[in-house]
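Breakdown of the fold
One letter stands for each residue in the lines below.
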Amino acid sequence: MKKVVKFGGSSLADAAQFKKVAAIIRDDPTRLYVVPSAPGKRFSGDEKVTDLLYRCYDKAAAGEDFRPTLSMIRGRYDDIIVGLGLKNFTLEPDFAEIEKSLAENPERDYTASRGEYLNSKIMAEFIGFEFVDAADVVVFDEDGGLSLRRTNKAMANRLQNLEHVVIPGFYGRGVDGKIKTFSRGGSDITGSIVAGAMKVDVYENWTDVSGFLVADPRIVENPVAINTITYRELRELSYMGAAVLHEDAIFPVRRSGIPINIRNTNRPEDKGTWIVESTAQKSGYTITGIAGKKGFCAVLISKAMMNSEIGFGRKVLQAFEENNISFEHMPSGIDTMTIVVHEDEFLHKEQKVVSAIHRLASPDSVEIESDLALIAIVGRGMKSMRGTAGRIFAALAHAHVNVRMIDQGSSELNIIVGVENRDFETAIRAIYDIFVTTTL
Ligand code: ASP
């Protein structure tokens, strides 16, 4: 049994958090590969080290004095080193190098990556694991994307004879030899890459929540946690706004069928959420999760005998494509079809799109409705349960929410309902209550 353990910024924000992390690693001898983030916020209103590093870079690039910001960063690391009681350990030469680079030739990605780099050096020293620089094992290709093939090879080669390793998250090296970072939150991706390359059994992703919740806690009070979720369900929910894990972190482990276990550093006794390829576990509530977003528009196109006109849909979609707008959903009736789009992508181009639809498809009418919110009710258990849709619509009717649109994907993994923006929160609470609260 081998595990990768990735720790997020809040799990490594200060010495006390480092100690919790070390206890977690020591508690299970199969936790072999450790991927740390940079120190995150210690309290609300605090700043993440990565944000401070970006600020250093911005100042250096603008020819301003970056040194006061760099000393704040040094202060954060010094506190950790002192708090952990690490003797004969110093990041002095590393800071000298960072300062030199900022003064002489500031590079954005290199600067940002130092948060993870320094934190990992401390972690390796503290727990007695070997430090392996991500720049030597995570490879980006010519067009700037991750080269999974080269990365897997480099990683397997470098780690083959090492038993316990700390590898910084968030960055790697491009073919030009320069340090390159992933997008924000990218240490999740590094964890997943290490897991895939080393063919581990589990990728544990330690954060400050006990996994995914069935609904957004800002809308529903104390929502229950999700025990098991499939990659596909997760994709549907994250697309609709639920965020715990970086989206790109799924791919490397999914290919190798490695499950991800989201865990809470502050409550290691909680089992967290398992993200898996496929499962026979039932969710207990019919649905797995609810997520949604506000700010959509619906474009309603009507034309008599539309259903028998071959190519009508293509012509309508061409009008959106010509204007470089991607559409979200496309529910249709016999003589009508509706295209749902993001308001902010669409509003400034709406008249161009409408005239293109007229030019290409000669409809009878085109109407636009705005202020639409979409809610996805996701659950692998829905297809084998009768009455799920009925329960959703009864709950919404009961809560006086008017449903403006319904779309059920052919996978029967989710049902999307469109409601007015102002009914968004009420609708989510009503759906949560009917599936979860009433069964508790
Ligand atoms: N430290 C980076 C960030 O703040 C990457 C990460 O934490 O995953 O985005």
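Scroll up to find the structure.
Scope of this entry: the structure provided in the associated data block. (Residues numbered from 1 in each chain as written. Predicted model: local features only at pLDDT ≥ 70, side-chain atom pairs only at ≥ 80, totals over all residues. Heavy atoms only, no water.)

1. Points about the environment of Gly 381
- Mapped onto the secondary structure, Gly 381 falls in the loop between strand E14 (365-378) and helix H13 (388-398).
- Considering only alpha carbons, one finds Gly 381 and Gly 284, 97 residues apart in sequence, at a separation of 9.0 Å. (Helix = DSSP H or I, 4+ residues; strand = E, 2+ residues; numbered from the N terminus.)

2. Let's talk about the nonpolar core
- Core analysis: the biggest nonpolar cluster contains 116 residues, and Ile 122, Met 155 and Ile 375 have the highest contact counts within it.
- The element contributing the most residues to this core is helix H5 (residues 108-127), with eight residues.
- Look past the residues within four positions of Met 155 in its chain and what remains in contact with it is Val 137, Val 138, Ile 167, Ile 193, Val 194, Ala 197 and Met 198.
- Ranked by size, the runner-up nonpolar core spans 19 residues in total, among them Phe 312, Ala 319, Met 337 and Ile 357. (Core = buried A, V, L, I, M, F, W, Y, C linked by side-chain atoms within 4.5 Å. Buried < 20%, exposed > 50% of the residue type's maximum accessible area, 1.4 Å probe, protein only. Contact = heavy atoms within 4.5 Å.)

3. Some remarks on the sheet that holds strand E16 (residues 414-420)
- Ordered in space as E12-E13-E11-E14-E16-E15, the six strands form an open sheet in which the pairing is antiparallel. Each edge of the sheet is formed by a strand with only one pairing partner; in this case those strands are strand E12 (327-329) and strand E15 (403-408). Each strand of the sheet is rotated relative to its neighbour by a mean of 40°, with strand direction disregarded.
- Relative to E16, E14 runs antiparallel, the two sharing seven bridges. (Pairing = 2+ DSSP bridges. Axes fitted to C-alpha atoms, helices over the stretch in contact; angles between N-to-C directions.)

4. Regarding the sheet that holds strand E4 (residues 165-166)
- Read across the sheet, eight strands follow the order E3-E4-E2-E1-E7-E9-E10-E8 without closing on themselves; strand pairing throughout is mixed. The sheet is open, and its two borders are formed by strand E3 (130-131) and strand E8 (228-230), each paired with just one other strand.
- Two strands pair when backbone bridges link them, and strand E1 (residues 3-7) and strand E7 (residues 202-207) are joined in this way by five bridges, in the parallel orientation. Each bridged residue has a counterpart across the sheet, and for Phe 7 the counterpart in E7 is Trp 206.

5. Topic: the packing of helix H1 (residues 15-27) against H5
- At a closest axis distance of 11 Å, the pairing of H1 and H5 adopts a crossing angle of 55°. Relative to H5, the element H1 lies oblique. The handedness of the crossing between H1 and H5 is right-handed. Between H1, through Phe 18, Lys 19, Val 21, Ala 22, Ile 25 and Arg 26, and H5, the contact on the second element is made entirely by Asn 119, Ile 122, Met 123, Phe 126 and Ile 127. (Parallel < 35°, antiparallel > 145°, perpendicular 65-115°, else oblique. Left-handed = near helix turned anticlockwise from the far one by under 90°.)

6. Observations regarding the pairing of strand E2 (residues 31-36)
- Among the six residues that make up E2, six are buried, leaving the element largely enclosed by the rest of the structure.
- Relative to E2, E1 runs parallel, the two being bridged by five bridges. Note that in E2 the partner of Val 4 across the bridge is Tyr 33.
- Each parallel crossover has a hand, and the one from E1 via H1 to E2 is right-handed.
- As judged from the two bridges shared by E2 and E4, these two strands associate in the parallel manner. Bridge pairing in E4 places Tyr 33 opposite Val 165. (Right-handed = clockwise from strand over helix to strand, strands pointing away.)

7. Quick notes on the site of the ligand
- Every residue lining the ligand is accounted for by Ser 37, Ala 38, Thr 50, Glu 116, Phe 170, Arg 184, Gly 185, Gly 186 and Ser 187.
- Here a nitrogen atom of the ligand and a side-chain polar atom of Thr 50 are 2.8 Å apart.
- Within the complex, the protein chains bury 91% of what would otherwise be the 260 Å² of accessible surface of the ligand.
- For the shell around the ligand, the residue count by class is two nonpolar, five polar and two charged. (Near = heavy atom within 4 Å. Polar contact = N/O pair within 3.5 Å; in protein donor to acceptor, adjacent residues only side chain to side chain. Areas by Shrake-Rupley, 256 points an atom, 1.4 Å probe, with all protein chains shown as cover. Nonpolar A, V, L, I, M, F, W, Y, C, P; charged D, E, K, R; others polar.)

8. Here's the deal with unusual backbone geometry
- At Phe 170, a position not held by glycine, the phi torsion is positive, near 85°.
- Mapped onto the elements of the fold, Phe 170 is located in the loop between E4 and strand E5 (171-173).
- Among the residues examined, Phe 170 registers a relative accessible area of 2% and is labelled buried.
- Residue Ser 362 is not a glycine yet carries a positive backbone phi of 40°.
- Within the secondary structure layout, Ser 362 lies in the loop between helix H12 (350-361) and E14.
- The class for Ser 362 is partly exposed, based on a relative accessible area of 44%.

9. As for the pattern of salt bridges
- Within this structure, the stated rule accounts for 28 salt bridges.
- Between Lys 100 and Glu 104 there is a salt bridge; the shortest N-O distance is 3.7 Å. In this pair, Lys 100 and Glu 104 are both assigned in helix H4 (residues 92-104), four residues apart and thus about one turn of the helix distant.
- Of the charged contacts in the structure, one is a salt bridge between Arg 173 and Asp 136, with a shortest N-O distance of 3.8 Å. A residue pair is termed long-range when its members are at least 10 positions apart, and Arg 173 in strand E5 and Asp 136 in the loop between E3 and helix H6 (148-159) qualify at 37 residues. (Salt bridge = Lys/Arg side-chain N within 4 Å of Asp/Glu carboxyl O.)

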